[in-house]
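Spelled out, the chains give:
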Amino acid sequence: MSRDGQQFSTLRRFSASIISVILLIWIGTAGYMAIEGMTPVEALYMTVITLSTVGFSEVHTLSETGRIFTLALIIGGTSLFFFTLSNVATFFLSGEWKNQWERQRNRRMLRQLDNHFIICGYGRLGSNVARELSDKATPFAVIDTDIDKVGAARDLSYIALKGNAADEQILREAGIERARGLIAAANTDAENVFIVLTARNLKPGLHIVARADCEESENKLLRAGAERVVLLYKSAGRKMANLLIEPGVEEYLDELGDAKNLDLTMVQLSVNSDSSLEGLSFRQADLSNRLRVSVIGYKLPGGEVHTSPRPSEVIQAGGTLIVIGTPADIDTMQKLATGSHPLPAASN
């Protein structure tokens with residue numbers, strides 16, 4: 001039996017035990033009221049002392065029918081006591097109480113998520129994406145059909161949800177209406193196509209990145225609504241070739257992308273119309289001197305990308321800067337791009 005099935009079975013037996021105890025108390029109370037004419041309080045008292053076998057005195061002398069009913073209640077209560085004790089012990093020893101608490105906690109955290117990413121599939125790729133987002137303190141939620149993978153994600157304190165990411169209800173539970181982006185990283189290209197289609201239908205403006213094993217699937221995923229498609233084998237092949245041909249360059253790029261090693265961050269920033277950068281040329285802005293950040297790309301408002309912007313090129317509102325720098329300098333750069341921070345004076 002699967003982990004999910006085992007947990008459900010344990011919880012069901014535990015719930016059945018509690019319901020059986022309540023039902024037996026109700027039957028006992030109703031029986032004493034009907035047979036002995038006791039008040040509700042007297043009948044409840046008799047039922048409890050009978051089931052618990054504590055041995056207190058009877059409310060009044062019982063009739064023959066009342067004694068037979070009491071014997072049946074004792075036999076039923078004793079059997080139920082051992083049944084309940086066994087199920088309660090199983091419930092706590094199996095850790096199901098902890099799993100139940102974790103599920104409730106997980107649901108509360110899902111409701112609180114905002115501007116987050118949704119990782120659909122917690123396999124080798126999805127788990128690495130989750131690790132990277134976690135290292136960057138970026139909020140995210142994981143969806144997977146395998147309860148063991150969901151459990152593994154929760155063991156790392158990730159917010160995880162069991163279900164099919166192509167199901168609209170599951171995506172809504174993961175907060176897709178409030179999400180910033182989605183990563184379709186399921187095991188097959190067909191699954192990813194359905195996930196992308198569903199996500200794009202639920203939130204047309206969502207940023208979606210999908211994985212693909214076959215080049216033939218790339219166009220299908222793009223037509224389904226993915227903005228970017230990562231061809232795993234193609235990307236791996238390019239990286240391995242670069243490691244053979246230009247190992248130093250590839251290692252430098254790896255180091256550059258790893259903020260933990262060089263204390264550097266690479267981000268893209270949209271220039272607001274209130275920013276003091278708007279209308280300045282890159283030479284006038286002199287960002288490398290003023291903020292010690294390096295501009296490695298510039299995307300015009302119309303979508304054209306310049307990988308090496310000319311010094312005379314003017315920064316426009318709605319344009320996007322791709323910059324590298326330390327976290328502190330990037331933080332200042334973000335404020336500058338939004339217009340909440342003035343352009344610092346150039347250092348001598």
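Please refer to the structure higher up on the page.
Given the structure is predicted, the values throughout are model-derived calculations rather than measurements.

Caption draft 1: Spatial organisation of the pattern of salt bridges. In this structure the tally under the stated criterion is 7 salt bridges. Its salt-bridge partner being aspartate 331, residue lysine 335 comes within 3.5 Å of it at the nearest N-O pair. Linking lysine 335 with aspartate 331, this pair stays in helix 15 (residues 327–338), spanning 4 residues, or about one helical turn. Residue lysine 335 is classed as partly exposed on the basis of its relative accessible area, which comes to 37%. When its relative accessible area of 36% is taken as the criterion, aspartate 331 is described as partly exposed.

Caption draft 2: Broad picture of the environment of asparagine 128. Structurally, the position occupied by asparagine 128 is in helix 5 (residues 124–135). For asparagine 128, a relative accessible area of 38% translates into the label partly exposed. At 2.6 Å, the side chain of asparagine 128 forms a polar contact with the backbone oxygen of arginine 124.

Caption draft 3: Focus on the sheet that holds strand 4 (residues 181–184). Ordered by their spatial adjacency, 6 strands build an open sheet running 3-2-1-4-5-6, and the pairing between neighbours is parallel. Single-partner strands in this sheet number two, and they are strand 3 (159–162) and strand 6 (228–231). Neighbour to neighbour, the strand axes of the sheet diverge by 20 degrees on average, direction disregarded. With 4 bridges connecting them, strand 4 and strand 5 (residues 207–212) associate as parallel partners. Within the sheet, the bridge partner assigned to alanine 184 lies in strand 5 and is alanine 210. Here helix 6 (residues 147–155) sits on the sheet in contact with strand 2 (140–144) and strand 3, set at roughly 170 degrees to strand 3.

Caption draft 4: Molecular detail of the pairing of strand 6. Residues Val229 and Leu231 point to one face of strand 6 and are all buried, whereas Arg228 and Val230, pointing to the other face, are not buried. In the sheet, strand 5 pairs with strand 6 via 4 bridges, with the strands oriented parallel. Its bridge partner lying in strand 6, alanine 210 is registered against valine 229.

Caption draft 5: Region of the structure containing the packing of helix 8 (residues 189–202) against helix 9 (residues 216–224). In contact at an axis separation of 8 Å, helix 8 and helix 9 are set at 15 degrees when each is read in the N-to-C sense. Considering their axes alone, helix 8 and helix 9 lie roughly parallel with respect to each other. Judged by the twist between their axes, the crossing of helix 8 over helix 9 is right-handed. Residue-level contacts link Asp189, Asn192, Val193, Val196, Leu197 and Arg200 of helix 8 to Ser217, Lys220, Leu221 and Ala224 of helix 9.

Caption draft 6: Quick peek at the sheet that holds strand 8 (residues 294–299). Pairing is antiparallel in the open sheet, where 4 strands are placed in the order 7-10-8-9. Taken across any chain shown, the strands that pair with only one partner, and hence form the sheet edges, are strand 7 (265–270) and strand 9 (305–306). With 2 bridges joining them, strand 8 and strand 9 adopt antiparallel strand pairing. Bridging from a neighbouring strand, tyrosine 298 pairs with histidine 306 of strand 9. Against the sheet, helix 15 touches strand 7 and strand 10 (320–325), its axis set at about 5 degrees to strand 7.

Reading guide: rules and limits
Residues numbered from 1 in each chain as written. Predicted model: local features only at pLDDT ≥ 70, side-chain atom pairs only at ≥ 80, totals over all residues. Heavy atoms only, no water. Salt bridge = Lys/Arg side-chain N within 4 Å of Asp/Glu carboxyl O. Helix = DSSP H or I, 4+ residues; strand = E, 2+ residues; numbered from the N terminus. Buried < 20%, exposed > 50% of the residue type's maximum accessible area, 1.4 Å probe, protein only. Polar contact = N/O pair within 3.5 Å; in protein donor to acceptor, adjacent residues only side chain to side chain. Pairing = 2+ DSSP bridges. Axes fitted to C-alpha atoms, helices over the stretch in contact; angles between N-to-C directions. Contact = heavy atoms within 4.5 Å. Parallel < 35°, antiparallel > 145°, perpendicular 65-115°, else oblique. Left-handed = near helix turned anticlockwise from the far one by under 90°.

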